[in-house]
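# Geometric and topological summary
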Amino acid sequence: METIDKPIAAKKRIALVAHDNRKASLIQWCEQHRAVLEQHELLGTGTTGSRIEAATGMPVEQLFSGPMGGDQQLGAKICQGDVDILIFFWDPFEPMPHDPDVKALLRIAAVWNIPVACNASSADMIIQSALMERSFSREIPDYQGYLAARKGEFAV
């Protein structure tokens, strides 16, 4: 598939997600990086988003809980261009009944070329990047071009 350039704005839309036994770590990380996070828009899946908002006082757009479809809801927002960064503290030692949803979410983040952090170290690298303060370009799939090419295949 061909790609096109699409900028990520200076004000980022940051998705925050954590498995149950990683939620406290993500909340602590959010408190540590509050000064930066307050400059951006935050969204999170169900319990994670509500716990971050309660602990930090920062507004967090809350989606459904992960097992109830929040991962897919977040994936749809990524496809629609409504998420710029995914911070997802997942637990590699804890099997989850919704593991296929998690894998799908990580896959769609890779497809749409958004930065992803799966632990505090990688999240620190993203949040401390000079790119957090400004707009920057990224390549994404040219879906409209793909549709136009497919339409031409079926023309008689």
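I will try to describe carefully the structure that is included in this document. What you are looking at is a predicted structure, and each value in this text was computed from that prediction instead of being measured.

### Some remarks on the overall build of the chain
A tally of helices and strands in the chain yields 7 helices and 7 strands. Counting from the amino terminus, helix and strand elements in the chain follow one another as β-β-α-α-β-α-β-α-β-α-β-α-β-α. For the chain, long-range pairs separated by at least 24 residues make up 74% of all intrachain contacts whose partners lie at least 6 apart in sequence. Accessible surface, the chain as shown: approximately 8,700 Å² in total, 55% of it carbon and sulfur. Side-chain charges in the chain split into 15 positive and 20 negative, and the spacing between the mean points of these groups amounts to 3 Å.

### Some details on the sheet that holds strand β6 (residues 116-117)
As summarised here, the arrangement of the 5 strands in space is β4-β3-β2-β5-β6, forming an open sheet in which the pairing is parallel. Since the sheet does not close on itself, it has two edges, and those belong to β4 (61-62) and β6, each with one partner. As judged from the 2 bridges shared by strand β5 (residues 85-89) and β6, these two strands associate in the parallel manner. In the sheet register, L86 faces β6, and the bridge partner there is V116. Against the sheet, helix α1 (residues 23-32) touches β2 (13-18) and β5, its axis set at about 150 degrees to β2. Where helix α5 (residues 99-111) meets the sheet, it contacts β5 and β6, and its direction lies at approximately 150 degrees from that of β5.

### Re helix α3 (residues 46-56)
Among all positions of α3, only G46, T48, G49, I52 and T56 are buried. Buried-residue contacts for α3 involve β2, α1, α2 (34-37), β3 (41-44) and β4. Following α3 by one or two positions, G57 has its phi on the positive side, about 80 degrees.

### Side note on the pairing of β2
Two faces belong to every sheet, and in a regular strand the side chains alternate between them. Burial analysis of β2 places 5 of its 6 residues in the buried class, which makes it a mostly covered element. When β2 meets β3, the two strands line up parallel, connected through 4 bridges. Its bridge partner being in β3, I14 is matched across the sheet by L42.

### Focus: the side chain of T56
With respect to the helices and strands, T56 occurs in helix α3. Classification of T56 as buried rests on a relative accessible area of 6%. A polar atom in the side chain of T56 sits 2.7 Å from the backbone oxygen of I52. Polar contacts involving the side chain of T56 include one to the main-chain amide nitrogen of M58, which spans 3.1 Å. With sequence-adjacent residues up to four places away left out, T56 is seen in contact with C30, E31 and R34.

The rules behind the values
- Residues numbered from 1 in each chain as written.
- Predicted model: local features only at pLDDT ≥ 70, side-chain atom pairs only at ≥ 80, totals over all residues.
- Heavy atoms only, no water.
- Helix = DSSP H or I, 4+ residues; strand = E, 2+ residues; numbered from the N terminus.
- Contact = heavy atoms within 4.5 Å.
- Areas by Shrake-Rupley, 256 points an atom, 1.4 Å probe, with all protein chains shown as cover.
- Lys, Arg positive; Asp, Glu negative; His and termini not counted.
- Charge placed at Lys NZ, Arg CZ, Asp CG, Glu CD.
- Pairing = 2+ DSSP bridges.
- Axes fitted to C-alpha atoms, helices over the stretch in contact; angles between N-to-C directions.
- Buried < 20%, exposed > 50% of the residue type's maximum accessible area, 1.4 Å probe, protein only.
- Polar contact = N/O pair within 3.5 Å; in protein donor to acceptor, adjacent residues only side chain to side chain.

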